[in-house]
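Coordinates in review
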Amino acid sequence: MISKGLTPREIVEKLDRHIIGQSDAKRAVAIALRNRWRRQNVPTDLADEISPKNIIMIGPTGVGKTEIARRLAKLDNSPFLKIEASKFTEVGYVGRDVESMIRDLVELSLNMVKSDEQENVRTKAAEIAEEKLLDLLLPPRPKEKMVSDMLNNAEEADEKDQRDEDQAQKTDATREKLRHLLKENKLDNRLVDLEVTETRSGPMIEIFSAAGMEDMGLNVKDMLGSVFPQKKKIKTVKVPEALEILEEEEAQKLIDMDKVTKTALDRVEQSGIIFLDEIDKIVGGDTSHGPDVSREGVQRDLLPIVEGSNVNTRYGMVKTDHILFIAAGAFSSSRPSDLIPELQGRFPIRVELDSLGKEDFIRILTEPNNALVKQYTEMMATEGLKLSFTEEAIASIAEVATVVNERTENIGARRLYTIMETLLDEISFEAPDMQEKEIIINAQCVEEKLNEIIEDEDLSRYIL
C-alpha cells in the first residue's frame, strides 16, 4: 500500500530534483504510480480486475530512462529490478529463463523487508546484546549446592545464603560499573572471546536447466544445512565488534521470518516494478533464421509474465498481474511496432524521450540534488580543497559534451562523466599534496585541457 499517496504533480516535482527535462516520461510514470494507489483504494473485487498500464520509453542512451524508473521506485519504497532483456533467451536455449527476474525481484523484496524488520527490533536486540557482552566480560558466578550444605543445620545455611547475597550485590555493582564504562566507550580496546557460527562455504556450481531450477543450488544448500549442524568457532574480537556481532545475531532471532516472507511476496505482487532495458534488442530483423528466431521466442516467453501469471519461487507462488513493467530502448534500427502484437498490447503507454542539448547539460551539471559539479566539489573538500566552477566553465563543459556527442556516438548525459574526469584528472591525482587550497575552474582551464582532444577527432573517440 502506498502510504503517502503522492499526487502526480508531487511525483513529478520529486523526480525534477534528480532528472532534468523529459516531462512526458515523468508524467507517464507519475500517472502509473498514482493509478496503483487508486487501484489499492477501490473495492477489492474490482481492484483485482484493474491491471497496470505498462510503459515503453523510447530514446537514446543517457537521457534518463533508467534514472526515472529507479527514482520512481525509491519514492514508493517499492521492490525494483533493472534487467536487460537481451540477457534472456528462448526456453530450450542456453541462457537465463525469463521467470528468473521475478525470483530476483522476490529476493530483493525479502532483503528490503528483512532490513526494515531489523530496524524495528534494533533497540531490543541492542539491549540483549549488551547483557550478553557483560556476561562475557563478567561471567556470572555459578551457584553450587553441596550435599554437606543440605545436611548442615539451618543457622549455617542462613549464613551461607547471606554470603551469597553479599557476593551477588558486589557482582551487580561491578556489572553496572562495566556497563557504564561500555557506554562511555572506555572498553573499546579490550578483547573478548566470542562463539560465532562458521559460514559454510563450498564450490560455486552454476546450473543451466529447465525453468524454475535456477535457484536449485540455494535449495540444496538449505537442505544440507538441516542435515549437517552448523560449526561454531571461537573468535577473539574487540568489544565494539563483539557488540555488533551479538546485536546482528539477536536481531536475526527476533525477526519473524514467516511474516517477513509473506510481506515480501505481497510487496512484489502489489507494488513491484521491473525495468526491462534494451527491449529493442529482442526485436527480430527481416531474416527468419539464426538468433532472430530466439529473439521472437524471448518476446513470447515474456508475454505471460507481463500479461499476468503465477511464477514459482523458493518462497511460494507469485502472481505477476499487478507488477508494473517499464520497458526502454533506443529503437534506432527498429520500432515498438516491430514487437509481436500481443506484447505491444501489454505496453499501452509509449513516451519518447528527447535528446539532450547544451542547455540541458548546463542544468544537469548544476541543478539536481546529485549534480556532477556538487559531487566533485564535495569529493575535493575531503582533501581540504575548495573547488569551484565559474558559469562560463560550466557552459564550456556543456558545449564540449554537445560537440562530442554530435561528432561521435550520442551517449547523452553520460558524456559529462568522461569530460569531467578528463578535466579534473590532474587535480584528482595531485589533490592530497597540493599546497594551494582554493582552485577555480574557468572557461580558459576547460579550453586548455579539452580543446586539443576535441580538435583531434580520432583522439576524442578514445578519450571522450
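My aim in this report is to walk through the structure given alongside it, one point at a time. (Residues numbered from 1 in each chain as written. Predicted model: local features only at pLDDT ≥ 70, side-chain atom pairs only at ≥ 80, totals over all residues. Heavy atoms only, no water.)

**Quick word on the packing of helix 15 (residues 372-381) against helix 17 (residues 414-423)**
Helix 17 packs onto helix 15 with a crossing angle of 35° between their chain directions and a minimal axis gap of 11 Å. The crossing of helix 15 and helix 17 is right-handed. Contacts between helix 15 and helix 17 involve Leu372, Val373 and Tyr376 from the former and Leu416, Tyr417, Met420 and Glu421 from the latter. A class-by-class count of the residues in the contact of helix 15 with helix 17 yields six nonpolar, no polar and one charged. (Axes fitted to C-alpha atoms, helices over the stretch in contact; angles between N-to-C directions. Helix = DSSP H or I, 4+ residues; strand = E, 2+ residues; numbered from the N terminus. Left-handed = near helix turned anticlockwise from the far one by under 90°. Contact = heavy atoms within 4.5 Å. Nonpolar A, V, L, I, M, F, W, Y, C, P; charged D, E, K, R; others polar.)

**Focus on the side chain of Ser396**
On the secondary structure map, Ser396 appears in helix 16 (residues 391-407). Contact partners of Ser396, with chain neighbours within four places excluded, come to Ala443 and Val446.

**Focus on the packing of aromatic side chains**
One pass over the structure, following the stated rule, counts zero aromatic pairs. The ring centre of Trp37 lies 3.9 Å from the NZ or CZ of Arg34, which sits over that ring. (Phe/Tyr/Trp six-rings, centres within 6.5 Å; stacked < 30°, edge-to-face > 60°. Lys NZ or Arg CZ within 6 Å of the ring centre and 35° of its normal.)

**Let's talk about the sheet that holds strand 1 (residues 55-58)**
Spatial ordering of the open sheet is given by 2-5-8-1-9, a layout of five strands whose pairing is parallel. In this open sheet, the two edge strands, each paired with only one partner strand, are strand 2 (80-84) and strand 9 (349-352). Ignoring which end each strand starts from, the neighbouring axes of this sheet average 20° apart. Sheet analysis places strand 1 next to strand 8 (residues 324-329), joined by four bridges and oriented parallel. By the bridge assignment for strand 8, Ile58 is matched with Gly329. Each of strand 2, strand 5 (273-277) and strand 8 touches helix 5 (residues 100-120); the most contacted strand, strand 2, lies at about 150° to it. (Pairing = 2+ DSSP bridges.)

**Thoughts on the pattern of salt bridges**
Summed over the entire model, instances satisfying the criterion amount to 19 salt bridges. Lys26 is the salt-bridge partner of Asp16, the closest N and O atoms lying 2.5 Å from each other. Taken together, the residues span a long stretch of sequence, with Asp16 in helix 1 (residues 8-16) and Lys26 in helix 2 (residues 23-39) at a distance of 10 residues. Note that Glu296 and Arg300 form a salt bridge whose closest N and O atoms lie 3.4 Å from each other. Taken as a pair, Glu296 and Arg300 lie in helix 12 (residues 291-307) at a separation of four residues, close to a single helical turn. For Glu296, a relative accessible area of 37% puts it in the partly exposed group. A relative accessible area of 42% places Arg300 in the partly exposed class. (Salt bridge = Lys/Arg side-chain N within 4 Å of Asp/Glu carboxyl O. Buried < 20%, exposed > 50% of the residue type's maximum accessible area, 1.4 Å probe, protein only.)

**Considerations on the nonpolar core**
Residues Ile326, Phe389 and Ile441 are the most contacted members of the largest nonpolar core, which totals 57 residues. Sequence-distant contacts of Ile326, defined by excluding residues within four places in its chain, comprise Val29, Ile55, Met57, Ala69, Leu72, Ile273, Ile274, Phe275 and Leu276. With 33 residues, the next largest nonpolar core counts Ile58, Met101, Leu265 and Phe331 among its residues. (Core = buried A, V, L, I, M, F, W, Y, C linked by side-chain atoms within 4.5 Å.)

**Digging into helix 19 (residues 443-455)**
Its 13 residues give helix 19 an end-to-end C-alpha distance of 17 Å, which sits within 8% of 18 Å, the value for a rise of 1.5 Å per residue. Along helix 19, the sharpest kink reaches roughly 40°, centred on Lys449. All buried positions along helix 19 are accounted for by Ala443, Val446, Leu450, Ile453 and Ile454. N-cap assignment for helix 19: the residue whose side-chain oxygen lies 3.2 Å from the backbone N of Gln444 is Asn442. (Expected span 1.5 Å × (residues − 1). Bend = angle between axes of the 7 residues up to and from the residue. Polar contact = N/O pair within 3.5 Å; in protein donor to acceptor, adjacent residues only side chain to side chain.)

**Examining the side chain of Arg39**
Secondary-structure assignment places Arg39 in helix 2. Buried and unpaired, Arg39 has Asp48 as its nearest opposite-charge partner, separated by 5.1 Å. (Lys, Arg positive; Asp, Glu negative; His and termini not counted.)

**With respect to the packing of helix 16 against helix 19**
Two numbers describe how helix 16 lies on helix 19: the axes approach to 9 Å, and their chain directions differ by 10°. Considered as vectors, helix 16 and helix 19 are oriented roughly parallel to each other. Of the two possible hands of crossing, helix 16 and helix 19 adopt the one that is left-handed. Contacts between helix 16 and helix 19 pair Glu392, Ala393, Ser396, Ile397, Val400, Val403 and Arg407 from the former with Ala443, Val446, Leu450, Ile454 and Glu455 from the latter. (Parallel < 35°, antiparallel > 145°, perpendicular 65-115°, else oblique.)

**Considering the pairing of strand 3 (residues 191-197)**
Residue alternation in strand 3 divides its side chains into a buried set, Val192, Leu194 and Val196, and an unburied set, Leu191, Asp193, Glu195 and Thr197. Two elements, strand 3 and strand 4 (residues 232-238), share seven bridges in a ladder whose sense is antiparallel. Bridge assignment links Leu194 to a residue of strand 4, and that residue is Lys235.

**Re helix 10 (residues 239-254)**
The end-to-end C-alpha distance of helix 10 is 22 Å, a good match for the 22 Å that 16 residues give at a rise of 1.5 Å each. Within helix 10 the residues assigned to the buried category are Val239, Ala242, Leu246, Glu247, Glu250 and Ala251. Projected onto a plane normal to the axis of helix 10, the buried residues spread over an arc of 165° and lie on a single side. (Arc of directions from axis to C-beta.)

**Some remarks on unusual backbone geometry**
Most peptide bonds take the trans form, and the phi angle of most residues other than glycine is negative. Backbone geometry at Gln22 places phi at a positive 55°, although glycine is not the residue there. Following the sequence through the fold, Gln22 ends up in the loop between helix 1 and helix 2. The phi dihedral of Phe331 falls on the positive side, at around 50°, and the residue is not glycine. As for its placement among the helices and strands, Phe331 is situated in the loop between strand 8 and helix 13 (341-345). For Phe331, a relative accessible area of 8% puts it in the buried group.

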